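Structural characterization, general
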Amino acid sequence: MVTRLWLYLNSSIVKKQIMGFTGLFWCIFLTGHLAGNSLLFIGPEAFNTYAYKLTSNKALFYTAEFVLLFFFISHLAMAMKLTIENKIARPDGYYMKQATGRGSTFASSTMPYTGLIILVFVITHLLHFRFGPVYMITHSGVEMRDVYRVLVEYFQSPLAVGWYIFCIAAVGVHTSHGLWSAFQSLGFSHPRYTPAVSCISKIYGAIIFLGFSALAIFCYLQGGN
Amino acid sequence: MSNEKLLSLNLKIWRQKGNKEKGEMVDYRLEGVSTDSSFLEMLDLLNEQLVEKGDDPVAFDHDCREGICGMCSLMINGQAHGPEKETTTCQLHMRKFEDGDTIVIEPWRAKAFPVLKDLMVDRGALDDIMAAGGYVNVNTGNAPDANEILIGKESADLAMDAAACIGCAACVASCKNASAMLFTSAKISQLALLPQGQVEREQRVINMVEKMDELGFGNCTNEAECEASCPKGIDISNIARMNREYIKAITKTRS
Ligand code: SF4
Ligand code: FES
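Report on the accompanying structure. For clarity, every value in this text was computed on a predicted model and none was experimentally measured.

**A few points about the interface of chain A and chain B**
With 39 residues of chain A in contact, the opposing surface of chain B contributes 53 residues. Taking both partners together, chain A and chain B bury about 3900 Å²; carbon and sulfur atoms supply 49% of that area. On inspection of chain A and its partner chain B, the count reaches 32 residue pairs in polar contact (both at pLDDT 80 or more). Among the secondary structure elements, those contributing two or more residues to the side of chain A that touches chain B are helix H1 (2-9), helix H2 (12-37), helix H4 (58-88), helix H5 (106-109) and helix H8 (158-185) of chain A. Broken down by element, the residue count for the side of chain A that touches chain B peaks at six residues, all from H2(A). By residue class, the composition of the side of chain A that touches chain B is 13 nonpolar, 18 polar and eight charged.

Printed below as a string of C-alpha cells:
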C-alpha cells in the first residue's frame, strides 16, 4: 500500500500536478495580495488598518504564513527535482535545436529562470518589508505598525523601484504561462473553456505586473510625505 | 508541371559506427539534388555516392515513405521531421530548401532511445509502453456484428484523432525534457474514449504511465513543442485527458 502510494506520488503525472496545485494556490494568494495592497492608493490609515487587521490574530497569521511557506517550498523543491530529472532524460544534447515557433513561448521556455528570479525576489521582499523597520503610528486611537511609511521609504530609491519592477515582470511572465499550465496538469481541458483559460492566464500575468508596478511607482511618488 | 531545379547542399550528419562507439558530426557536399525529390531520396543519393567511393552509407530508419508507418525519424536543422507542420521526414520535399543551404541532420536524442548506428535509434521503449497496457481484451469466436456496440460520433472522432499517432517519437525528440507524454496519452485516450477500452481503463493508465516513467523519459512541462512537431497533429488535450484519467485511476483502484 505504502509503496504504491509512493509510486503514485513519484509518477511524472502527480509530480506536475503538485507543481500545478501549489502554483495555483500562490496565484490565488497573489490576487488577494494585490487587492489588499491597492488600499495604499486610498491612504496610510486604510492601508495600515488593513495590515493591522490581517496580522492581529497571531494564531491565524502564523498558520497562514506557514501554509504559504510550505506551498512555496514544495513548488520550489519539486521544480528542482523535475529540472534535474529532465536533464538526465536527455544526456546527449543536440548539435542544433530550434523551437518550432508553433508550440513553446517566451514565458513557457523561461519558467526555471523566472522562477529563480522570483526566489531571490521573495527572500529580499520579506527582508525589506515583513522583517523590515518597525515604526508605530496611532490611527483612530489604535497603535499599529506604520507599514505605509516602510513602503514609501523603501521605494524612494529609483534603484529599488527598478529592481522591484524587474522582479514583478518575472512574476507576471511566470504566471502568464503557469496559470494555464496548472489547469492542463490538473487535467482540465475543454474545447470551449481552454482557449479562455489560456487567455485569462495572460491577462492575469499582465494585471499582476501592472498592478504591483503601479504600487511601487505610487510609493515613489509619495516622496517626502 | 515540374519546376525542377538542382540544388547543391552542405550536409552535416551525425555518424556513429555503433551503440558503444563515439559519434561525431561529419560534413558532406552533395551536388545535383532535385527539388522534386524527397528528403530521404536526397539521403539515398548521398548514400549511392558513398557506396561508389567505398565508404559506409549513412544508416537511417524508413519504411513506407508515405507518412503512415512512423519509421522515419530525423532531426533536421534542429527540428523533429524538419520545418514543415504535420509532415513526416519522408514527406518532406527538397523544394523546401534553397541552393547552397547547410542542413544539419541528427538522430532523436533521449536516454530511452539509444543510438544504434548513425541516425537510427532504438525506439523499443515505445513498444514497452504499449505492452504495458495499450491493448483491449476481446472475446474470441465469431466476428461480432458491425455496429453491435454503439459509439457516439464525438467519441469516435476523438478516438480516431488519437489513433492517428504513428509512434514516430518526434514528440519525445522535440520535447526539451524528452518526455513521452504525447505518445502515451494518445494511446491511452484512444482506448479510454471507446466502450471496448473500459474494462482495463484504470489499470491501463496506471501501468502505461508507470512504464513510461521507469524507462527514463522526462517530465512534461506543458511547452507544447510535442504537439507542434507531431506529424499527425496529436493535440495536447490528450495529455490533459491522461492527467485526469490517472488521478481518477489511482483514487478508484483498490490494488
Ligand atoms: S504523438 Fe505524434 S509525434 Fe508522438 S509518436 Fe505519435 S505521431 Fe509521433
Ligand atoms: S517512412 Fe513511413 S512514415 Fe516516414
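What follows picks up the thread again.
**Points about the pairing of strand S1 (residues 136-139) of chain A**
Residue and element names in this part refer to chain A. Note: S1 against strand S2 (residues 142-145), four bridges, orientation antiparallel. Residue pairing across strands places Ile-137 opposite Met-144, the latter belonging to S2. From the end of S1 to the start of S2, which pair antiparallel, there are two residues, and Ser-140 there has a positive phi angle of about 45°.

**Brief notes about the pattern of salt bridges**
Opposite charge on two side chains makes pairing possible when the charged atoms of those side chains draw close. Residue and element names in this part refer to chain B. Enumeration according to the criterion identifies 21 salt bridges over all chains in this entry. Note that Arg-65 and Asp-44 form a salt bridge whose closest N and O atoms lie 2.8 Å from each other. In this pair, Arg-65 sits in the loop between helix H1 (39-52) and strand S3 (75-76) while Asp-44 sits in helix H1, placing the two residues 21 residues apart along the sequence. Of the residues examined, Asp-44 reaches a relative accessible area of 25% and is grouped as partly exposed. For Lys-248, the salt bridge is made with Glu-245, and the minimal N-O distance between the two is 3.9 Å. Linking Lys-248 with Glu-245, this pair stays in helix H8 (residues 237-252), spanning three residues, or about one helical turn. Classification of Lys-248 as partly exposed rests on a relative accessible area of 40%. Classification of Glu-245 by relative accessible area gives buried; the value is 6%.

The rules behind these values
- Residues numbered from 1 in each chain as written.
- Chains lettered and ligands numbered in written order.
- Predicted model: local features only at pLDDT ≥ 70, side-chain atom pairs only at ≥ 80, totals over all residues.
- Heavy atoms only, no water.
- Contact = heavy atoms within 4.5 Å.
- Buried area = accessible area lost by both parts, 1.4 Å probe.
- Polar contact = N/O pair within 3.5 Å; in protein donor to acceptor, adjacent residues only side chain to side chain.
- Helix = DSSP H or I, 4+ residues; strand = E, 2+ residues; numbered from the N terminus.
- Nonpolar A, V, L, I, M, F, W, Y, C, P; charged D, E, K, R; others polar.
- Pairing = 2+ DSSP bridges.
- Salt bridge = Lys/Arg side-chain N within 4 Å of Asp/Glu carboxyl O.
- Buried < 20%, exposed > 50% of the residue type's maximum accessible area, 1.4 Å probe, protein only.

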